[in-house]
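Listed below are the residues making up each chain.
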Amino acid sequence: QLAVWPKANNLDIDLSTLTNVKKNRNRLKNTPNSGITYARVYSEYDPDSPANKVSVIGNPSLAEVKTMMIGVRNNSRSTKSAEVWVNELRLTEFNEEGGWAAQGNLNVQFSDIGSLNLAGHYETAGFGGLEQSVSERRLDDYLQYSVTTSFDLGRFFPKKAKLTAPIYYSYSKELITPKYNPLDKDLLLDDALDGLSTSRERDSLMNIAREVVTYRNFSLSNMRLGIVSKKPMPYDPGNFTFSYANSRHHSQGSTTAYENELNWRGAMTYNYAPAYSAWEPFKGMKNKSPWLKFIKETNVNWLPQSISFNTDISRYYYELQLRDMEALTTGASEGGSTGTEGIPVSFAKEFLWNRDFALRWDLTRNLRMNFTSGTRAEIGRASCRE
């Protein structure tokens, strides 16, 4: 037997045709009195193939396709018998549009006063290595920049002040802008923004789509006035050292409305070491008898060798507000909503106070005493959801 098979026909579908129909529907839906909603079928004809009609209902997304169905419609009024084979489903003609990247650093040294460092890094969607495939390249615009500086504040005061105050400050920010709308992943973010009618809606969508991470750090380490008396006294400014540090972290994105983490820490250190001679009441004895040597060498230290005290207070605060992704995805093209309605805020607080005391006192040349004490106080802690 000889079987003759009919010539196979290729069904070539441009996926952008499907997304263009949905994009046009979303744009017209925001037009007053258009009557177009998600619940009604919206149809357009393919401009490249006018015989093909494309329809959309609801808010489907090509990025979340799990099942494909092919139907055959019989437009005649008689019964037909047919056998349809479907094979070799392929995805071709990828978007291979490339991207670019740039990086820069600037380091400035201000003599012995301090330094300043500026750094920046930028990558656009489509950027990748030569060995990377299309799916491995960036699908977002990435921007990162930072400012770091450190200097000695004491250099701006007269030398007589003997002020030492090392200051450190850093600020860094990361911005990740996706190429596609995270709430409607088969539409470009620019197209989704163009489909919104008001600036408030566009700002709301950009606030959801863009991921922002910010770090701020400030510290003042071991600030000290080096003024001391010729004979060290307990009240000398040089006995005191102060430190302060503050760090802030903020992030937001499509799943997180905001996440804030704040840390504060303040510390004070006191060190006093008296300068004096031990009291030796029998040192002037002229009797050289070996039996009296023990009495002659007797000495008493009437002040301790060193006294030190350290205290530091730290405070921690954390706050997290999540988004309702299901509600946002349902109204992806509505705009104006943050998706935080009905979701409580989670937060945590800590307040700690630590104290340390140390005393070293050699009562005599061979009798020594050391005393240390440490106190850890947890003044407050809370962790709950509002």
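All values reported here derive from a predicted model rather than from experimental measurement.

A. Just the overall build of the chain, in detail. For the chain, the count of helices and strands is 5 helices and 15 strands. Burial analysis of the chain (386 residues in total) assigns 26% to the buried set. Taking as baseline every contact in the chain between residues at least 6 positions apart, the subset at least 24 positions apart corresponds to 62%. In the structure as shown, the chain presents an accessible area of about 27000 Å², 55% of it carried by carbon and sulfur atoms.

B. Spatial organisation of the packing of aromatic side chains. Counted by the stated rule, this structure contains 6 aromatic pairs. Their ring planes at 55° and their centres at 6.3 Å tell us that Phe 218 and Tyr 244 sit as a pair that is tilted. One end of the pair, Phe 218, is in strand E10 (residues 211–225); the other, Tyr 244, is in strand E11 (residues 240–252), with 26 residues separating them in the sequence. Classification of Phe 218 as partly exposed rests on a relative accessible area of 31%. The aromatic ring of Tyr 38 is capped on one face by Lys 29, whose charged end is 4.8 Å from the ring centroid. Sitting above the plane of the Trp 353 ring, Arg 355 keeps its charged end 4.4 Å from the centroid.

C. Inspection of helix H1 (residues 15–29) at higher detail. The terminal C-alpha atoms of H1 lie 22 Å apart, and with 15 residues this matches the ideal 21 Å at 1.5 Å per residue to within 8%. Turning to H1, its buried residues number three or more, namely Thr 17, Thr 19, Val 21, Lys 22, Lys 23, Arg 25, Asn 26 and Lys 29. Looking at the buried side of H1, the elements it contacts are strand E1 (42–45), strand E2 (53–56), strand E9 (184–188) and helix H2 (189–194).

D. Main features of the nonpolar core. Residues Leu 183, Leu 189, Ala 192, Leu 193, Leu 196, Leu 205, Ile 208 and Ala 209 constitute the largest nonpolar core, which totals 8 residues. Of all the secondary structure elements, the ones that give two or more residues to this core are H2 and helix H3 (199–209). Listed in part, the 5 residues of the second largest apolar core include Val 21, Tyr 42, Val 54 and Val 56.

E. Main features of a negative patch on the surface. A cluster of acidic side chains, namely Asp 12, Asp 14, Asp 48 and Glu 93, defines a negative patch on the protein surface. Structurally, the position occupied by Asp 12 is in the segment before H1.

F. Looking closely at the pattern of salt bridges. Scanning the model with the defined rule gives 7 salt bridges in all. Across the pair Asp 184 and Lys 22 runs a salt bridge, and its minimum N-O distance is 2.8 Å. Of the two residues, Asp 184 sits in strand E9 while Lys 22 sits in helix H1, which places them 162 residues apart along the sequence. The class for Asp 184 is buried, based on a relative accessible area of 2%. Linked through salt bridges whose partners overlap, the residues forming this network are Lys 22, Asp 184 and Asp 186.

G. Quick peek at the layout of surface pockets. One number sums up the size of the second largest pocket: a volume of about 220 Å³. Around the second largest pocket, the lining residues are Leu 139, Asp 140, Ile 176, Pro 178, Tyr 180, Asn 181, Pro 182, Lys 185, Ala 209, Glu 211 and Ser 254. Looking at the lining of the second largest pocket, the elements that each hand over two or more residues are strand E7 (166–178) and strand E8 (180–181). A breakdown of the residues in the lining of the second largest pocket according to their chemical character gives 6 nonpolar, 2 polar and 3 charged.

H. Just unusual backbone geometry, in detail. Unusually for a residue other than glycine, Ser 111 sits at a positive phi of about 50°. Residue position: Ser 111 is located in the loop between strand E3 (101–110) and strand E4 (114–123). Positive phi values are uncommon outside glycine, yet Asn 222 reaches one of about 50°. Here Asn 222 shows up in strand E10. Look at Asn 222 and you get partly exposed, because its relative accessible area is 49%.

I. Inspection of the side chain of Ser 61 at higher detail. Inspection of the secondary structure assignment puts Ser 61 in the loop between E2 and E3. Apart from the residues within four sequence positions on either side, Ser 61 is in contact with Lys 22, Asp 184, Lys 185 and Asp 186.

J. A look at H3. Considered for burial, the residues of H3 that qualify are Glu 201, Ser 204, Leu 205, Ile 208 and Ala 209. Burial along H3 is one-sided: seen end-on, the buried residues are contained in an arc of 125°. Looking at H3, the residues exposed on the side facing more than 90 degrees away from the buried face are Arg 200 and Asp 203.

K. Representation of the environment of Tyr 318. With respect to the secondary-structure elements, Tyr 318 resides in strand E13 (residues 306–322). The spatial distance from the C-alpha of Tyr 318 to the C-alpha of Glu 350 is 9.1 Å, given a sequence separation of 32 residues. Setting aside residues no more than four positions away along its own chain, Tyr 318 makes contact with Glu 259, Asn 260, Glu 261, Ser 346, Phe 347 and Ala 348. Reaching out from Tyr 318, the side chain makes a polar contact with the side chain of Glu 259 at a distance of 2.6 Å.

L. Expanded view of the environment of Pro 234. Tracing the backbone shows Pro 234 in the loop between E10 and E11. Once residues lying within four places of it in the same chain are set aside, the contact partners of Pro 234 are Asn 239, Phe 240, Tyr 270 and Tyr 272.

M. A look at a nonpolar patch on the surface. A grouping of Leu 11, Ile 13, Leu 15, Leu 18, Leu 62, Val 65, Met 68, Leu 89, Leu 91 and Phe 94 is seen on the molecular surface, where their side chains present a nonpolar patch of about 1000 Å² in accessible area. By the element assignment, Leu 91 lies in the loop between E2 and E3.

N. Highlighting the environment of Tyr 145. Within the element layout of this structure, Tyr 145 appears in strand E5 (residues 140–152). For Tyr 145 and Ala 119, which are 26 residues apart along the polypeptide, the C-alpha to C-alpha distance reads 5.5 Å.

Reading the values: the criteria
- Residues numbered from 1 in each chain as written.
- Predicted model: local features only at pLDDT ≥ 70, side-chain atom pairs only at ≥ 80, totals over all residues.
- Heavy atoms only, no water.
- Helix = DSSP H or I, 4+ residues; strand = E, 2+ residues; numbered from the N terminus.
- Buried < 20%, exposed > 50% of the residue type's maximum accessible area, 1.4 Å probe, protein only.
- Contact = heavy atoms within 4.5 Å.
- Areas by Shrake-Rupley, 256 points an atom, 1.4 Å probe, with all protein chains shown as cover.
- Phe/Tyr/Trp six-rings, centres within 6.5 Å; stacked < 30°, edge-to-face > 60°.
- Lys NZ or Arg CZ within 6 Å of the ring centre and 35° of its normal.
- Expected span 1.5 Å × (residues − 1).
- Core = buried A, V, L, I, M, F, W, Y, C linked by side-chain atoms within 4.5 Å.
- Patch = residues over 30% accessible without salt bridge, like charges linked within 9 Å, V, L, I, M, F, W, Y side chains within 5 Å.
- Salt bridge = Lys/Arg side-chain N within 4 Å of Asp/Glu carboxyl O.
- Lys, Arg positive; Asp, Glu negative; His and termini not counted.
- Charge placed at Lys NZ, Arg CZ, Asp CG, Glu CD.
- 1 Å grid on protein atoms, 1.4 Å probe; cavity = no way out; pocket = protein on both sides within 12 Å on 5 of 7 lines; lining within 4 Å.
- Points joined across faces, edges and corners; volume = space filled by probe spheres on them.
- Nonpolar A, V, L, I, M, F, W, Y, C, P; charged D, E, K, R; others polar.
- Arc of directions from axis to C-beta.
- Polar contact = N/O pair within 3.5 Å; in protein donor to acceptor, adjacent residues only side chain to side chain.

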